[in-house]
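One-letter residues, chain by chain:
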Amino acid sequence: MDPPSRFLHSVPTRFDSPDRLRFHHFSFPQLPLPRHDSSSAAASAVSPSSFSYSTAATSPTASPGRVSRGSFSRFSFASSLPGVGMDSMAAATSSSVPASGLTTVSVVNMPPPPGLSEKASGVGVQKSSKPLKEKTTKAERRALQDAQRAASKAEGGKAPLVSSGSVASANVKAAKPAKPSSQENDVAVAAAGPSEKDRKKDAPHPRMQYDDESRVVKAKRRAVVKQTEAKNRVELFRHLPQYEHGTQLPDLETKFSLLDPMYPAVYKVGLQYLSGDISGGNARCIAMLQAFQEVVKDYSTPPEKTLNRDLTAKISSYVSFLIECRPLSVSMGNAIRFVKNRIAQLPITLFESEAKAALQSDIQRFISEKIVAADKAIVRHAVTKIRYGDVLLTYGSPSAVEMVLLQAHELRKKFRVLVVDSLPKLEGQLLLRRLIKRGIDCTYTHINAISYITHEVTKVFLGASSVLSNGTVYSRVGTACVAMVASAFRVPVLVCCEAYKFHEREQLDSICSNELGDPNVISKVHGRGDINYLDGLTNNANLQFLNLMYDATPSDYISMIITDYGMVPPTSVPVIVREYQKEHLLV
Amino acid sequence: MADKTQTPDAISAYYQTRAAHHGVITSDWLAQAQAAVEQPDSSVFHDLGTEKPFNVIDEFNGWRKQPDLAEAVAAIRAMAAVIRASEATTMMELEIELKKASDTLKSWDKTSISLTAGCDLFIRYVTRTSALEYEDFNSAKSRLLERAEKFGEISCKARKIIAMLSQDFIFDGCTILVHGLSRVVLEVLKTAAQNNKLFRVLCTEGRPDGTGVLLSNELTKLDIPVKLLLDSAVAYSMDEVDMVFVGADGVVESGGIINMMGTYQIALVAHSMNKPVYVAAESYKFARLYPLDQKDMAPALRPIEFGVKIPAKVEVERSARDYTPPQYLTLLFTDLGVLSPSVVSDELIQLYL
């Protein structure tokens, strides 16, 4: 099935329509206009990369930014892409639209002719604004390309190109050799920079494997958030990204002024993820959706573009930013897929204001139906399972389970709760506080004691970040442990999870897909400064720290899954995924 | 199901009726009969609170008493009677009335799963029909009535379909262990005999209902060799058994079944000895319940006779049914086909979504 990459911008998948329309969603001005300049910059989602690029750009090449229409085209594009020259040549023949370097460089040095600034935004323009082109001979152009290539090689990976994936995407699979006109548009579009070609080809996969050197390098060039990779990494988990913590925040803060295209609300959410202020599938998803609502509210379609594609591209770019702050959770991924789906389904005939209003209300409905109402339904089902005198065990701080416990307490059921917690996050303490405030009888312990206490437990309630198609529950690390011990004691394990978090992928272990947290936090014991035996050993070659965030619990240990569709056995997850998708198609 | 106002001594009406079907005389029944004789006019249902001259519960009980009628069919026939007697003029009104009737029926006998399932099914059908707004009221009403009638036929046909599906699983020379007296299983065995298959049946005594004896009576009429076992002799005889056949009072969402007390035990023994356990159940018995353990269902108690007097201080486990988790079941024969236990949830989701 067409997966996750869908919600990651780049969109290569969209390139079916053979004509110029393809390029429409690269609303990026692609002309690296200097910041202080304009209007167009502000208006459209200019990819930050273009900015940084423009400052760095030198200008061996002069004007022939625009390729002359029709005549030769393809070759002009390759241009400044370092090392990708070959590729671009090849690609050009096969398709793509590179655009790029030519325009960028040239534009920087001359005050952009008015036509150009318009063009900046106008990808989809088609022939509406005639770009200024100079006719050059083939030889000249070749020379130009070589010069540019050399130049860009020189500047190399200087500025991280923030490409909002869209640019990349735009170019990426451009697929068929464009007609000349489209190429011309492409040229205008280009802008980005050396790695344009790369971007085109390597739309970062949402679950990109980070052990591939070249891809990592390319991803870095695209990145907004400059992250330094951690040095001392566990071999088994090299395919997951791991960065030095603590370096990103200050960096990001200073970058804010540069990241004009980044909408402030999205930026804020990204920062909150990075610092750990917002955590938990539902909270992250809601924060992101609310940020998107604001984006839509303040959005205005740039001239000559369609709302559908432009907005989708924008959303994609914001999503790449959020991924760099913290890898997406499944809940967020599904929500993004929903949003893009809704945008794509907006009828073209709607006025912009109507479309925006429709979109905002759709997002609002998603939040209220799929998250808030779903939680209420889950609570309603789950409280029927709590009996008089029950001893309920819960792990970590799942929002759904908390609601269930509070509601059961409201209904005056007599039960007590055992909160199991684990370092380094100690999320259980938050849950504990909230429960105690309401007067629920609680016991608190750490996960190393579960085999000791489970004999007195009657039911286990767990939360989930996601439930996969084979019934595996993907949740906070430690959940699998709790479930297995409970199962060994024949205690029923109930997982509370909203249906929008279900995913059609299947996972057999906790290794192939996971998230790595900050390794430094596990070298210290929270609250005990005197226990610091591992101080200074973080860079020791013989010692690697591994701080996993998630784990996968096999379906054999789960007794039932409580969702807003009711109580189902773990074997029925594919059915729910199927029904859920059907609903979306009909909606 | 959370325990609500069920008094610990409440006798499950469902199991009472079944006992009546089987012609089992219990002291309780005798006491009731005695009381009825002395006060011929007292209504047993005086405390139900339904004031209407038309009483859906009476109707239901009337239908239920027929030994050959499935519980759910009786429920639906009662609902059909509600429609006929109703004075509603719009679909909404009718729906509301039906909902009320269904709630009354369900609360009257909380232990009967088929009853609940049957009511839910019918309400579901009504809601779907009433969504068709363009029909005029009377034709919609008659359509509902028609559907209710058809349901009875469907139920009978269901048994035949199940019998047909299970023929492939009964081979010549096999030994089948049967527990409880399910009309569906009886149909299966009847059909097999009619198809000239050679097999023999071991039936458990089925205390306290004495289902074993009843079943053996029926099977002897069909010329099928029968052997009676004590309930405790099941593990002893499991070696010579090729498959276990049981019916179900209800099939729950996890794919497990709720059936007469003793089914769980037999399924456990069969599973540990690698013998397949087949369940024959009509699709209207699928219920949206999900018991986590034996005590997670509404208690259904029945009187148990020991033949001798028991000292007052001694407690008796009087539950009439148990829950068999899906991992001990091999296949379910239903009118929807031969299903594995995990498919039940799929069907339920499709039905009730």
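Residues numbered from 1 in each chain as written. Chains lettered and ligands numbered in written order. Predicted model: local features only at pLDDT ≥ 70, side-chain atom pairs only at ≥ 80, totals over all residues. Heavy atoms only, no water.

Trainee: Can you break down the overall build of chain B residue by residue, with the values?
Mentor: Each helix and strand in chain B was counted, giving 12 helices and 10 strands. Here chain B holds 353 residues, and 51% of them are scored as buried. Contacts in chain B between residues at least 24 apart in sequence constitute 77% of all its contacts with a sequence separation of at least 6. (Helix = DSSP H or I, 4+ residues; strand = E, 2+ residues; numbered from the N terminus. Buried < 20%, exposed > 50% of the residue type's maximum accessible area, 1.4 Å probe, protein only. Contact = heavy atoms within 4.5 Å.)

Trainee: Please provide a residue-by-residue account of empty space enclosed by the protein, values included.
Mentor: In this approach the atoms are scanned with a rolling probe the size of a water molecule, which exposes any empty space left behind. Residue and element names in this part refer to chain B. Under the criterion given, the structure shown has seven cavities of 30 Å³ or more. If you add up the space inside the largest cavity, you get close to 320 Å³. Residue lining of the largest cavity: 29 residues in total, with Tyr 14, Arg 18, Leu 181, Arg 183 and Asp 249 positioned closest to the centre. The biggest single contributor to the lining of the largest cavity is helix 1 (residues 13–22), with six residues. Taken together, the residues that form the lining of the largest cavity break down as 10 nonpolar, 10 polar and nine charged. (1 Å grid on protein atoms, 1.4 Å probe; cavity = no way out; pocket = protein on both sides within 12 Å on 5 of 7 lines; lining within 4 Å. Points joined across faces, edges and corners; volume = space filled by probe spheres on them. Nonpolar A, V, L, I, M, F, W, Y, C, P; charged D, E, K, R; others polar.)

Trainee: Report on helix 11 (residues 263–272) of chain B, specifying residues and quantitative values.
Mentor: Restricting attention to buried positions, one finds in helix 11 of chain B the residues Thr263(B), Tyr264(B), Ile266(B), Ala267(B), Val269(B) and Ala270(B). Asn274(B), located one to two residues past helix 11 of chain B, shows a positive phi value of around 60 degrees.

Trainee: Tell me about the sheet that holds strand 7 (residues 277–280) of chain B, and name the residues and values.
Mentor: All names here are of chain B. Across the sheet, seven strands lie side by side as 3-2-1-4-7-9-10; this open sheet has mixed pairing. Two strands bound the open sheet, and with one partner strand each, they are strand 3 (226–229) and strand 10 (337–339). Averaged over all neighbouring strand pairs, the angle between strand axes comes to 25 degrees, with direction disregarded. As paired strands, strand 7 and strand 9 (residues 331–334) are joined by three bridges and run parallel to one another. Bridge pairing in strand 9 places Tyr 278 opposite Leu 331. Along the sheet face, helix 7 (residues 137–166) touches strand 4 (243–246), strand 7, strand 9 and strand 10 and points at about 135 degrees away from the line of strand 9. (Pairing = 2+ DSSP bridges. Axes fitted to C-alpha atoms, helices over the stretch in contact; angles between N-to-C directions.)

Trainee: Can you explain the pairing of strand 4 of chain B? Please cite residues and give values.
Mentor: All names here are of chain B. With burial as the criterion, each face of strand 4 is covered, one bearing Met 243 and Phe 245 and the other bearing Val 244 and Val 246. Bridge count for strand 1 (residues 174–179) against strand 4 is four bridges, and the pairing is parallel. Following the sheet pairing, Val 178 is matched in strand 4 by Phe 245. Where strand 4 lies against strand 7, three bridges are found, and the strand directions are parallel. Residue Val 246 lies in a different strand from strand 7, and its bridge partner there is Val 279.

Trainee: Kindly report on the interface of chain A and chain B, identifying the contributing residues and their values.
Mentor: Counting residues at the interface gives 22 residues for chain A and 19 residues for chain B. Interface of chain A and chain B: buried area, both sides summed, is about 1,600 Å²; carbon and sulfur atoms make up 54% of it. Together, Lys385(A), Arg387(A) and Tyr565(A) form the three largest contributors to the area buried by chain A at its contact with chain B, with a combined 30%. Between the two partners, chain A and chain B, sit four salt bridges. A salt bridge links Asp296(B) to Lys385(A); the nearest nitrogen and oxygen atoms lie 3.1 Å apart. It is helix 22 (residues 573–586) of chain A that contributes the most residues to the side of chain A that touches chain B, four residues altogether. Of the residues in the side of chain A that touches chain B, the class split is 10 nonpolar, five polar and seven charged. (Buried area = accessible area lost by both parts, 1.4 Å probe. Salt bridge = Lys/Arg side-chain N within 4 Å of Asp/Glu carboxyl O.)

Trainee: Can you explain helix 3 (residues 56–64) of chain B? Please cite residues and give values.
Mentor: Looking only at helix 3 of chain B, the buried set comprises Val56(B), Ile57(B), Phe60(B), Asn61(B) and Arg64(B). The arc that holds the buried residues of helix 3 of chain B, viewed along the axis, is 135 degrees, so those residues lie on one side. (Arc of directions from axis to C-beta.)

Trainee: A description of the pairing of strand 1 (residues 390–395) of chain A should follow, citing residues and the corresponding values.
Mentor: Residue and element names in this part refer to chain A. Counting buried positions along strand 1 yields six of six residues, so the element is predominantly enclosed. Residues Asp 390, Leu 392 and Thr 394 line one face of strand 1 and the alternating positions Val 391, Leu 393 and Tyr 395 line the opposite face, and both faces are buried. In this fold, the crossover linking strand 1 to strand 2 (residues 415–421) by way of helix 18 (residues 399–410) has right-handed handedness. With three bridges connecting them, strand 1 and strand 4 (residues 459–463) associate as parallel partners. Its bridge partner being in strand 4, Thr 394 is matched across the sheet by Phe 461. (Right-handed = clockwise from strand over helix to strand, strands pointing away.)

Interpretation in functional terms is not warranted from these geometric data alone.
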